[in-house]
Amino acid sequence: MHISEGVLSPSILVAGAALTTAGVAIGLKHIDQKDIPTVGILSAAFFVASLVHVPLGPISVHLILNGLLGFILGWKAFPAILVGLTLQALLFQYGGITTLGVNTLNMALPAVTCYYFFGRVVRNNSGRLGFSIAAFACGCCAVLLSGILVALSLYLTGDAFLLAAKVAVAAHLPVMLIEGLLTAACTLFLRRVKPELLEGQYAQKL
Amino acid sequence: MPKNSDKLIGKTFITRSISCFFAVLWLAFCNTPAIAHKVMIFAWVEGNTVHTESKISGGKEIRDATVFVLDGKGNRLLEGKTDNKGRFSFKTPKETDLRVVLKASMGHRAEWKIPAEDFKGVSRESERSIIQKSDTGPQSKVDTFLPSKNREGKVSKSIDAGITREEIEHLVNDALERKLAPIVDLLSESIDKRPTITEIMGGIGYIFGLVGVALYFKNRSNMSK
């Protein structure tokens, strides 16, 4: 999912950076003092998740965890993902510094979108089953949307969209499944032991 | 005692989240041989052929990816696809600085530069030998290159009979390439730099440090209020 340097055209890089800046600004506004440790821990989890590699098929892919971040953090996923990606680019040479804006957008925007789509369940205070399904869908769809956004960025530079999208989505099918399960497990656990962590976020005015 | 139980839950939450965190970390380390998501390409020159090898960090080859060959000014000279072993070879199109660019799926890209000097060694020698050949004519084949000829006429004659200077050069080059093959392989493997524990821990440290800085500033602004 990390787009390397020198692949995208400058206009897309600038547009991605601008949108990411806006997203990060909104995210930072949402961060309260008591949220800071949560954002930090999830950012660290995101940073490490890229090292968990799923060895299936000819292409190797890794966990992303943007669904989990979106589900728990909402807009705050933007700064958390930006920090994680910056460190991945600097320390692991995944992606690159110039593509940081586009890569952050590709991973954080699905996180926020899924938060709005599936976060409703938590606000409506539904049962355990509904909650698990919503969390699973959140983890799944965030990865799916990320794949589509990556394909879209490549398409805007001149690649064939359908082919790029097919490759990105097909390669991430196992990751989608794993991330869905992981998101559901993590959030169910949080709901049991620390529900205010979820409710605090969802009680916020949107 | 709602406060007390709250504290207890908070404590179990913290210990559990820490154990979760370490579980993820453990998973990451377990998979280190297969860590991925960085692609790389390595190219070397053998005679008038350039060989390239493409792989994902962790050693897995990249099949069916496009390799572009550009000259120093960025003009595209040729392109091709990697085979099942992630390799792609081509005849040297131009003896200038070459840039070999790998473009794999999902926006992955890597580059390797071949300086012009890598070709020059080979071409100059062959040019020289051709000039020398035309100077001395077809009859005398190798002279100064085989000093043993002057000392021992018999042996030299048998050598002299079949081998030209060009052929010797060719043989030496072949032997050298065969001898150097493991070193080239080693080199191509050593380029694959996986994230080390130091880097992973460093990154996590950075994030926790940032959390500390953020808390510090939030705290200060709250205090001043």
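Everything quoted here is computed from the prediction, not taken from an experiment. (Residues numbered from 1 in each chain as written. Chains lettered and ligands numbered in written order. Predicted model: local features only at pLDDT ≥ 70, side-chain atom pairs only at ≥ 80, totals over all residues. Heavy atoms only, no water.)

**Q** Break down the overall build of chain A for me, citing the residues and quoting the values.
**A** Along its length, chain A carries 10 helices and two strands. Counting from the amino terminus, chain A carries its helices and strands in the arrangement α-α-β-β-α-α-α-α-α-α-α-α. Taking 2.2 N^0.38 as the reference for a compact globule, 206 residues should give roughly 17 Å; the C-alpha atoms of chain A span a radius of gyration of 16 Å, in line with that estimate. For chain A, the spread of C-alpha atoms along the three principal axes comes to 45 × 35 × 25 Å. (Helix = DSSP H or I, 4+ residues; strand = E, 2+ residues; numbered from the N terminus. Rg over C-alpha atoms; globule rule 2.2 N^0.38 Å.)

**Q** Describe the nonpolar core, listing the residues and the values that go with them.
**A** Leu 8, Leu 69, Ile 72, Leu 73 and Ile 81 of chain A are the most contacted members of the largest nonpolar core, which totals 65 residues. By residue number, the principal contributor to this core is helix α7 (residues 128–157) of chain A, which donates 11 residues. By size, the runner-up hydrophobic cluster in this structure holds 18 residues, among which are Ala 43, Leu 102, Ala 104 and Ile 114 of chain B. (Core = buried A, V, L, I, M, F, W, Y, C linked by side-chain atoms within 4.5 Å. Buried < 20%, exposed > 50% of the residue type's maximum accessible area, 1.4 Å probe, protein only.)

**Q** Explain the packing of helix α5 (residues 100–118) of chain A against α7 of chain A to me, using residue names and the numbers behind them.
**A** Residues and elements named next belong to chain A. Relative orientation of the contacting elements α5 and α7 amounts to 145°, with a least axis distance of 8 Å. Seen along the crossing, α5 lies across α7 with a hand that is right-handed. On α7, the residues that touch Val 102, Leu 105, Asn 106, Met 107, Leu 109, Pro 110, Thr 113, Cys 114 and Phe 118 of α5 are Ala 134, Ala 137, Cys 138, Cys 141, Ala 142, Leu 145, Ser 146, Leu 149, Val 150 and Ser 153. Along the lines of polarity and charge, the residues of the contact of α5 with α7 split into 15 nonpolar, four polar and no charged. (Axes fitted to C-alpha atoms, helices over the stretch in contact; angles between N-to-C directions. Left-handed = near helix turned anticlockwise from the far one by under 90°. Contact = heavy atoms within 4.5 Å. Nonpolar A, V, L, I, M, F, W, Y, C, P; charged D, E, K, R; others polar.)

**Q** Pulling in residues and values, what's your account of the sheet that holds strand β2 (residues 49–56) of chain B?
**A** All names here are of chain B. Strand order in the open sheet formed by three strands is β1-β2-β5, and the pairing between neighbours is antiparallel. With partners counted over all chains shown, the strands left at the sheet margins are β1 (39–46) and β5 (87–91), one partner each. Across the sheet, the axes of successive neighbouring strands diverge by a mean angle of 20°, strand direction being ignored. (Pairing = 2+ DSSP bridges.)

**Q** Quick one: what's the story with the packing of aromatic side chains, residue by residue and with numbers?
**A** Residue and element names in this part refer to chain A. Taken as a whole and assessed by the stated rule, the structure comprises 10 aromatic pairs over all chains. Judged by centre distance (5.8 Å) and plane angle (85°), the rings of Phe 71 and Phe 131 are edge-to-face. Taken together, the positions of Phe 71 in helix α3 (residues 66–73) and Phe 131 in helix α7 put the pair 60 residues apart, joining distant regions of the chain. Accessibility assignment for this pair places Phe 71 and Phe 131 in one class, buried. An aromatic cluster of three or more residues is present, and its members are Phe 47, Phe 92 and Tyr 94. Lying across the ring of Phe 131, Arg 191 places its NZ or CZ 4.6 Å from the centre. (Phe/Tyr/Trp six-rings, centres within 6.5 Å; stacked < 30°, edge-to-face > 60°. Lys NZ or Arg CZ within 6 Å of the ring centre and 35° of its normal.)

**Q** Before we move on, can you summarise the confidence of the model for chain B with the specific residues and values?
**A** Residues and elements named next belong to chain B. Within chain B, residue pLDDT values average 71, and 62% of them lie at 70 or more. Helix α3 (residues 148–151) is the least confidently modelled element of chain B, averaging 45 in pLDDT, while helix α6 (residues 197–224) averages 88, the highest of any element. Considering only residues more than four positions removed or in separate chains, one finds that residues 28–36, a stretch of pLDDT under 50, has 23 contacts. Contacts from residues 124–158, a stretch scored under 50 in pLDDT, to residues over four places away or in other chains number 26 contacts. Here the complex is predicted with pTM 0.72, and the ipTM for its interfaces comes to 0.80. (pLDDT = per-residue confidence, 0-100.)

**Q** I'd like a description of α3 of chain A, backed by residues and values.
**A** Along an α-helix, residues three or four positions apart point the same way, because every turn accommodates 3.6 residues. All names here are of chain A. In terms of residue burial, α3 counts as a mostly covered element, since eight of its eight residues are buried. All of the buried residues in α3 are Asn 66, Gly 67, Leu 68, Leu 69, Gly 70, Phe 71, Ile 72 and Leu 73. Note on α3: the residue one or two positions beyond its end, Gly 74, has a positive phi of about 65°.

**Q** An account of the confidence of the model for chain A is requested, with residue identities and associated values reported.
**A** Per-residue pLDDT for chain A averages 85, and the proportion of residues at 70 or more is 91%. Averaged over each element, pLDDT in chain A is lowest for helix α10 (residues 195–203) of chain A (66) and highest for helix α1 (residues 10–30) of chain A (93).

**Q** Tell me about the domain arrangement of chain B, and please be specific about residues and values.
**A** Residues and elements named next belong to chain B. According to the domain assignment, chain B contains domain 1 (36–116) and domain 2 (119–173). Across the interface of domain 1 and domain 2, roughly 530 Å² is buried in total on both sides, 70% from carbon and sulfur atoms. It is Gly 47, Glu 95 and Ala 116 that lose the most area in domain 1 upon contact with domain 2, and together they represent 69% of the buried surface on that side. Summed over the shared surface of domain 1 and domain 2, the result is zero salt bridges. Inspection of the domain 1/domain 2 interface yields zero residue pairs in polar contact (both at pLDDT 80 or more). (Domains from an automatic or database assignment. Buried area = accessible area lost by both parts, 1.4 Å probe. Salt bridge = Lys/Arg side-chain N within 4 Å of Asp/Glu carboxyl O. Polar contact = N/O pair within 3.5 Å; in protein donor to acceptor, adjacent residues only side chain to side chain.)

**Q** Which residues make up the packing of α3 of chain A against helix α9 (residues 173–193) of chain A, and what values go with them?
**A** All names here are of chain A. α9 packs onto α3 with a crossing angle of 30° between their chain directions and a minimal axis gap of 9 Å. Of the possible angle classes, the one that applies to α3 and α9 is roughly parallel. Two packed elements cross with a definite hand, and for α3 against α9 that hand is right-handed. For the pair α3 and α9, the contacting residues are Asn 66, Gly 67, Leu 68, Phe 71 and Ile 72 in the first and Glu 179, Thr 183, Cys 186, Thr 187 and Leu 190 in the second. Among the residues forming the contact of α3 with α9, the class breakdown is five nonpolar, four polar and one charged. (Parallel < 35°, antiparallel > 145°, perpendicular 65-115°, else oblique.)

**Q** Describe α1 of chain A, listing the residues and the values that go with them.
**A** Residue and element names in this part refer to chain A. Relative to the 30 Å expected for 21 residues at 1.5 Å per residue, α1 spans 30 Å between its end C-alpha atoms, a close match to the ideal helical length. Every buried residue belonging to α1 is among Ile 12, Leu 13, Gly 16, Thr 20, Gly 23, Val 24 and Gly 27, and all of these are buried. Burial along α1 is one-sided: seen end-on, the buried residues are contained in an arc of 105°. Seen from the open side of α1, the exposed residues pointing more than 90 degrees away from its buried face are Pro 10, Ser 11, Val 14, Thr 21 and Lys 29. (Expected span 1.5 Å × (residues − 1). Arc of directions from axis to C-beta.)

**Q** Break down the pairing of strand β6 (residues 98–104) of chain B for me, citing the residues and quoting the values.
**A** Residue and element names in this part refer to chain B. With respect to burial, β6 is a largely interior element, five of its seven residues being buried. Of the pairings in the sheet, the one linking strand β3 (residues 66–71) to β6 comprises six bridges and is antiparallel in character. Looking across to β6, one finds that Leu 70 is bridged to Arg 99. Here β6 pairs with strand β7 (residues 108–114) via seven bridges, running antiparallel. Paired with Val 101 across the two strands is Glu 111, which belongs to β7.

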